[in-house]
Amino acid sequence: MNSSLSLLHPYPFEKLNQLFQDVQPAAMPLIPLSIGEPKHPAPEFVKQAIIDNFKHLSTYPNSKGLPELRQSIAHWLTRRFKLNTISAESQILPVSGTREGIFSFVQALINRDENPYVVMPNPFYQIYEGATLLAGATPYFINCTEENGYLGDFDAVPAEVWQKTALLFVCTPGNPTGAVLSKEQFKKLIALSDQYNFVIASDECYSELWFDEAPVGLLEVCAEIGRDNYKNCIVFHSLSKRSNLPGMRSGFVAGDANLLQPYLKFRTYHGAALPVQHQLASIAAWDDEQHVEENRQLYRAKFELFQNELGHLLPLQKPDAGFYYWLKVDNDEHFAKMLMEKAHIKVLPGRYLSRDTAQGNPGENHVRMALVADIAQCEQVIQRLKAIL
């Protein structure tokens, strides 16, 4: 077997199952807030689009995706991020969700003979690290703490690390912190990319879950500075969070055509093409904004409910965007066990999303609470928490 498999950490939810193995939960229905799986209803018109195109079950999908889907994505990107231009032909590729896309892009990008760094936030989406290790590169972690607004301190990265960096991951809005990068921070990262010749991969799959102001995106900043070739800039987007379609596994990667052309060659062999009926349903989803706004309204209502009802009992800090609370506690594992034992509520200890560094583990003494349950369940959570806090 691939020797790099031994470098992989157990996935956070494996660690969580281990934590709870001797816990006797409270005698009430479980409410899971640990996993970022949207529970709002999937749009009916998307379901219907899949049903209407069942005939394509007998059709092999093309790795590059349907031209109509790439054009739909190009129109959405242009509207949403005020782009000057983007080519549906050469600067957009559908992927089977951002998880698959991120993983496979790293495999295609990394030249393992150079043993480069992949710089990433800490805490982080575990696929960044796993893809890095299996591609033969070395992760370099930037701790995202309360002191730096949970955005990381890029100035603290030594020049010798940037010189060996092939790829920088950013996640904005962040998982699990909800922090959003500004235009100025993106411009700074683009300048670093030009100086040291590394690729920026911006994971923006939470970009449509915002409260007051839409988060800025990497391609949007490229457009503002006239970088319409998006040199060394790549973004990942998905319908999972935006449209409550995690089971459809539909997303895309967009940006620098010089990176996407060889990546398409990799994908042709990788064999992870999006089924045709899902591509056609994805067009319907990307072309509609009404269901997205309705989705945002549901999350706004839940965060407002939690702030009003629990703000005096817990140090709830509303995120910039996304659907997670990144909650400070005295001990993340003890807090998670207490909620399971006394309220049968499942949350995720922050240390499971982070790695130990010389400066400590930035996820310790935080828990991630995903407000993915419906309003009725959220009200149950609030009543249970009031009873035990």
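The name recorded for the protein in an unreviewed UniProt entry is Succinyldiaminopimelate transaminase, from Acinetobacter piscicola. Here is the UniProt Cofactor (unreviewed entry) comment for the protein, exactly as written: "pyridoxal 5'-phosphate".

1. Some remarks on the packing of helix H4 (residues 97-109) against helix H10 (residues 257-270)
Packing of H4 against H10 leaves a shortest axis separation of 9 Å and a crossing angle of 110°. Between H4 and H10, the angle falls in the class roughly perpendicular. Contacts between H4 and H10 pair Glu100, Gly101, Ser104, Phe105, Gln107, Ala108 and Leu109 from the former with Leu259, Tyr263, Phe266, Arg267 and His270 from the latter. Classifying every residue of the contact of H4 with H10 gives six nonpolar, four polar and two charged.

2. Some details on the sheet that holds strand E12 (residues 366-370)
Overall, antiparallel pairing links the three strands, which are arranged E9-E12-E11 in an open sheet. At either end of the open sheet lies a strand with only one pairing partner, and these are strand E9 (324-328) and strand E11 (348-349).

3. Quick look at the UniProt feature "domain: Aminotransferase class I/classII large" (unreviewed entry) in the protein
On the UniProt side, "domain: Aminotransferase class I/classII large" (unreviewed entry) is annotated at positions that read residues 30-385 here. Helix makes up 41% of residues 30-385 and strand 15%, whereas the separation of the span's terminal C-alpha atoms amounts to 13 Å.

4. With respect to the domain arrangement of the protein
Partitioning the protein into structural domains gives domain 1 (3-42 + 290-387) and domain 2 (44-288). If you look at the interface, domain 1 gives 40 residues, while domain 2 gives 42 residues. In total, about 3,700 Å² of surface goes out of reach between domain 1 and domain 2, with carbon and sulfur atoms giving 58% of it. Applying the counting criterion to the domain 1 and domain 2 interface returns two salt bridges. The partner of Arg355 in a salt bridge is Glu129, with the nearest N and O atoms 2.8 Å apart. Scanning the region where domain 1 abuts domain 2 turns up 23 residue pairs in polar contact (both at pLDDT 80 or more). Listing elements by their share of the side of domain 1 that touches domain 2, those giving two or more residues are helix H12 (290-310), E9 and E12. Here the element with the most residues in the side of domain 1 that touches domain 2 is H12; it accounts for eight residues. A class-by-class count of the residues in the side of domain 1 that touches domain 2 yields 19 nonpolar, 13 polar and eight charged.

5. As for the side chain of His40
Position of His40 among the secondary structure elements: in the loop between strand E1 (31-32) and helix H2 (44-52). Once residues lying within four places of it in the same chain are set aside, the contact partners of His40 are Asn244, Asn295, Leu298, Tyr299, Lys302, Val372 and Ala373.

6. As for a nonpolar patch on the surface
Together, Met1, Leu5 and Leu8 line one region of the surface with nonpolar side chains, adding up to about 360 Å² of accessible area. One can find Leu8 in the segment before helix H1 (12-19).

7. Some remarks on the pairing of strand E5 (residues 165-171)
Of all the seven residues making up E5, seven are buried; the element is thus mostly covered by neighbouring parts of the structure. In this sheet, E5 lies alongside strand E3 (residues 117-122) in parallel orientation, the contact comprising three bridges. Counted as the bridge partner of Val118 is Leu167 from E5. Summarising the sheet, E5 and strand E6 (residues 199-203) pair through five bridges and their orientation is parallel. Note that in E6 the partner of Leu167 across the bridge is Val199. Between the parallel elements E5 and E6, the chain passes through helix H7 (residues 183-196) in a crossover that is right-handed.

Cut-offs used in this document
Residues numbered from 1 in each chain as written. Predicted model: local features only at pLDDT ≥ 70, side-chain atom pairs only at ≥ 80, totals over all residues. Heavy atoms only, no water. UniProt positions renumbered as here; feature names shortened; annotations may be inferred. Axes fitted to C-alpha atoms, helices over the stretch in contact; angles between N-to-C directions. Helix = DSSP H or I, 4+ residues; strand = E, 2+ residues; numbered from the N terminus. Parallel < 35°, antiparallel > 145°, perpendicular 65-115°, else oblique. Contact = heavy atoms within 4.5 Å. Nonpolar A, V, L, I, M, F, W, Y, C, P; charged D, E, K, R; others polar. Pairing = 2+ DSSP bridges. Domains from an automatic or database assignment. Buried area = accessible area lost by both parts, 1.4 Å probe. Salt bridge = Lys/Arg side-chain N within 4 Å of Asp/Glu carboxyl O. Polar contact = N/O pair within 3.5 Å; in protein donor to acceptor, adjacent residues only side chain to side chain. Patch = residues over 30% accessible without salt bridge, like charges linked within 9 Å, V, L, I, M, F, W, Y side chains within 5 Å. Areas by Shrake-Rupley, 256 points an atom, 1.4 Å probe, with all protein chains shown as cover. Buried < 20%, exposed > 50% of the residue type's maximum accessible area, 1.4 Å probe, protein only. Right-handed = clockwise from strand over helix to strand, strands pointing away.

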